[in-house]
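Chains, contacts and geometry: an overview
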Amino acid sequence: MRAMTVTTGKADSAAVGEVEEPPLTDGSILVEGLLTGICGTDVELVSGAFGSGRPGSSHLVIGHESLGRVLEAPAASGFAAGDLVAGVVRRPDPEPCPACARGEWDFCRNGKYTERGIKEMDGYGAERWRVDPYFAAPVPEQLGRLGVLVEPASILAKAWEQVDRVASRSWFGPEQVLVTGAGPIGLLAALIAVQRGYAVHVLDRAVDGPKPELVRALGGTYLTDLSELTVTPDVVIEATGAGQVVFDCAKLLAPAGVMCLTGISPGHATLDVQLDALNRQLVVRNAALVGSVNAAKRHYADAVDILTTADRAWLERLITRTVPLSDWPSALVREPGDIKVVVDLQA
């Protein structure tokens, strides 16, 4: 069968590979792959920056943002043929560490976790894949193709949970939210903020195209320069990974404010910054910076709730391009106006 493959550690090895049928060891549910989303992690995998195949193999089927339809499932699995499903990305380490033992594999302490399509496990970018029922997230039929957004939405469900947990150290009634970056992660972060009733401000470099329109359709304020921000943010969701942006926004936090870092920059830029001054501001304001990556099982269910509550027409506008599996490497090249690019695994 066909799949999205790379040779780990080798740059520009993206290919439409012929691979074996998924092994039973991947799970008892057999799924027809429908769509997989492309994100910055996939671009880095293709660059050879990181990633590892199954033990003993240098080849990896990528694709961690998944949507598929169940072909076969055991009677007691909770799934049946025809169901839509998304696969959880991370698996707990085999030891397991204390966090993994409690279902918090997104906080794995020893780094021995595995990840579908990223680390030591083939991903969901194939015509067929298997998944264990425990790591399968049911997707309502009403979501349809928008179910491919469940995994990225789970990242934001966790990020907002972390904001809530940090903020609970004191009374906290956020009103103003700043989101940096208007890619899929930033826009989903803004969507959740609006669903929570907050005033939302989104910072991005794009001056035209769909991004400003999508932010305004949420009722948010779109900024192209931080100097345009006229409020003090209680919460910052940082989705660019750009060091200067992180530094500049951290200085703006309100007392007891929380900044959640969700982005990682692929570059290696150096900054000349006054860390002593920033440290003072964070300390005297009781402000906090916290990093967040990946998601636990419950966040996938939260993501489904977020997406089913959202305006469908708005969500449809996030998926700006669909490419066939036969030409999937073209999805890695950003085109003007791209937000979320997905691969049709049956084309």
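What counts, and where the lines are drawn
Residues numbered from 1 in each chain as written. Predicted model: local features only at pLDDT ≥ 70, side-chain atom pairs only at ≥ 80, totals over all residues. Heavy atoms only, no water. Buried < 20%, exposed > 50% of the residue type's maximum accessible area, 1.4 Å probe, protein only. Helix = DSSP H or I, 4+ residues; strand = E, 2+ residues; numbered from the N terminus. Arc of directions from axis to C-beta. Contact = heavy atoms within 4.5 Å. Polar contact = N/O pair within 3.5 Å; in protein donor to acceptor, adjacent residues only side chain to side chain. Axes fitted to C-alpha atoms, helices over the stretch in contact; angles between N-to-C directions. Parallel < 35°, antiparallel > 145°, perpendicular 65-115°, else oblique. Nonpolar A, V, L, I, M, F, W, Y, C, P; charged D, E, K, R; others polar.

**What about helix α5 (residues 210-217)?**
Of all the residues in α5, the buried ones are Lys211, Pro212, Leu214 and Val215. Looking down the long axis of α5, one finds its buried residues gathered within 165° of arc, a one-sided arrangement. Where α5 is buried, its residues touch α4 (184-195), β13 (199-203), β14 (221-223) and α9 (312-316). Glycine 219, located one to two residues past α5, shows a positive phi value of around 90°.

**As for the side chain of serine 66**
Secondary-structure assignment places serine 66 in strand β5 (residues 65-72). A residue is classified by how much of its surface remains accessible, and serine 66, at 2% relative accessible area, is buried. There is a polar contact of 2.8 Å between the side chain of serine 66 and the backbone nitrogen of glycine 87. When residues no more than four places from it in sequence are discounted, the contact partners of serine 66 are Leu35, Ala86, Gly87, Tyr124, Trp129, Gly147 and Val148.

**A short note on the packing of α4 against helix α8 (residues 297-309)**
Close contact between α4 and α8 brings their axes to 11 Å; oriented N to C, the two are set at 75°. Overall, the two elements α4 and α8 adopt an arrangement that is roughly perpendicular. Contacts between α4 and α8 pair Leu188, Leu191, Ile192 and Gln195 from the former with Ile306, Leu307 and Thr309 from the latter. Classifying every residue of the contact of α4 with α8 by side-chain character gives five nonpolar, two polar and no charged.

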